[in-house]
Amino acid sequence: MIDFHNHVIPGVDDGAADLDASRAALAEYQAQGVTALIATPHLRGSETINEGMRELWLTRVDAAWERLREMASAEFPGLRLERGAEVMLDVPLPTLGDARIRLAGTRFVLVEFPFMTVPPRASEVLFELAMAGWTPVLAHPERYANLDTGPDGAAEWHRRGTLLQVNCGSLLGKYGPTARDVAWGLLKAGVVDYLCSDFHTRGSLHLAACRAELERRGGAAQAALLMERNPALLLQGAPPEPVPPLEGGGLWKRLFGRG
């Protein structure tokens, strides 16, 4: 499996507090069958448009990244480690020209909405990112309290080129019943492109358990695409393959449509 949403770089956000926490997280990833990671510390879009703030963030993360990379190279030689960021869209169009902000230096960029709420004109913001030459990958759409199931919601974002990344923990109910139901609904509608951990190095890593539950529900083919094939394509800078809807998703297909 490949995971590109996590917070394992030490001491830069609300993820790994230090290198020991990073080390324990990498060991757990490897134990669950992960072969590649893209580390994605939090970054506000407003920080990217101010050159001084952007360089300050990059300098701080660069130093922590080097510590992580050196440790991983020595202790986890079979684990591929790349970097990016989880960019909060607190401004409509962040500055994404620096490859260190994008996922493994590709045109793909992991984004999230502020305050776990879909802002007004979200469709236009995501579309403008795509028009600027980037491919937005929206983190955890299932967790936004006001996710729209109508024409301006997930299906429209997907149709216009935004890719959707659901958290594994959501499928297991770790963020509550609403996020769980929406996450499964998105899968049943066939508009999810990736499953990732969003692991902050505390508590349990849910990748293996999530995959087992998906396979138990008849989604072995979907799990392979969501957790192996499509993230591998992302690492190559290539778009994901379509993921077939899970069976039994008639209502959700009507609500979310096919992207």
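In what follows, the structure referred to is the one given above.
Attention here is on the structure that accompanies the text. Bear in mind that the values here come from a model prediction, so they are computed numbers and not experimental data. (Residues numbered from 1 in each chain as written. Predicted model: local features only at pLDDT ≥ 70, side-chain atom pairs only at ≥ 80, totals over all residues. Heavy atoms only, no water.)

### Let's talk about the overall build of the protein chain
No. 1: Of the regular secondary structure elements, the protein chain holds ten helices and nine strands.
No. 2: Relative to the compact-globule value of 18 Å for 259 residues, the protein chain shows a C-alpha radius of gyration of 17 Å, a close match.
No. 3: Sorting the 259 residues of the protein chain into buried and exposed places 54% on the buried side.
No. 4: When contacts within the protein chain are restricted to residue pairs at least 6 apart in sequence, long-range pairs at least 24 apart make up 75% of them.
No. 5: Taken as a whole, the protein chain presents about 10,500 Å² of accessible surface, with 53% of it coming from carbon and sulfur.
No. 6: Taken as two groups, the 26 positive and 32 negative side-chain charges of the protein chain have centres that lie 4 Å from each other. (Helix = DSSP H or I, 4+ residues; strand = E, 2+ residues; numbered from the N terminus. Rg over C-alpha atoms; globule rule 2.2 N^0.38 Å. Buried < 20%, exposed > 50% of the residue type's maximum accessible area, 1.4 Å probe, protein only. Contact = heavy atoms within 4.5 Å. Areas by Shrake-Rupley, 256 points an atom, 1.4 Å probe, with all protein chains shown as cover. Lys, Arg positive; Asp, Glu negative; His and termini not counted. Charge placed at Lys NZ, Arg CZ, Asp CG, Glu CD.)

### Describing the side chain of N167
No. 1: Summarising the element assignment, N167 is placed in strand 8 (residues 163–167).
No. 2: When its relative accessible area of 0% is taken as the criterion, N167 is described as buried.
No. 3: At 2.9 Å, the side chain of N167 and the side chain of Q165 are in polar contact.
No. 4: For N167, the contacting residues outside a window of four places in its chain are H5, H140, E142, R143, Y175, C196 and D198. (Polar contact = N/O pair within 3.5 Å; in protein donor to acceptor, adjacent residues only side chain to side chain.)

### Side note on the nonpolar core
No. 1: Counting residues in hydrophobic clusters, the biggest one holds 64 residues, and the most contacted among them are F113, W157 and L195.
No. 2: Here this core gets eight residues from one element, more than from any other, and that element is helix 3 (residues 51–75).
No. 3: When sequence neighbours within four positions are dropped, the list of residues in contact with F113 reads L89, V118, P119, A122, L126, L138, Y144 and W157.
No. 4: Formed by 14 residues, the second largest nonpolar core is a distinct cluster that contains L103, V137, L163 and C196. (Core = buried A, V, L, I, M, F, W, Y, C linked by side-chain atoms within 4.5 Å.)

### Looking at helix 7 (residues 177–189)
No. 1: Over its 13 residues, helix 7 runs 18 Å from end to end, which matches the ideal 18 Å to within 8%, given 1.5 Å per residue.
No. 2: Three or more residues of helix 7 are buried, namely A179, V182, A183, W184, G185, L186, L187 and A189.
No. 3: G190 lies just past helix 7 and shows a positive phi near 75 degrees. (Expected span 1.5 Å × (residues − 1).)

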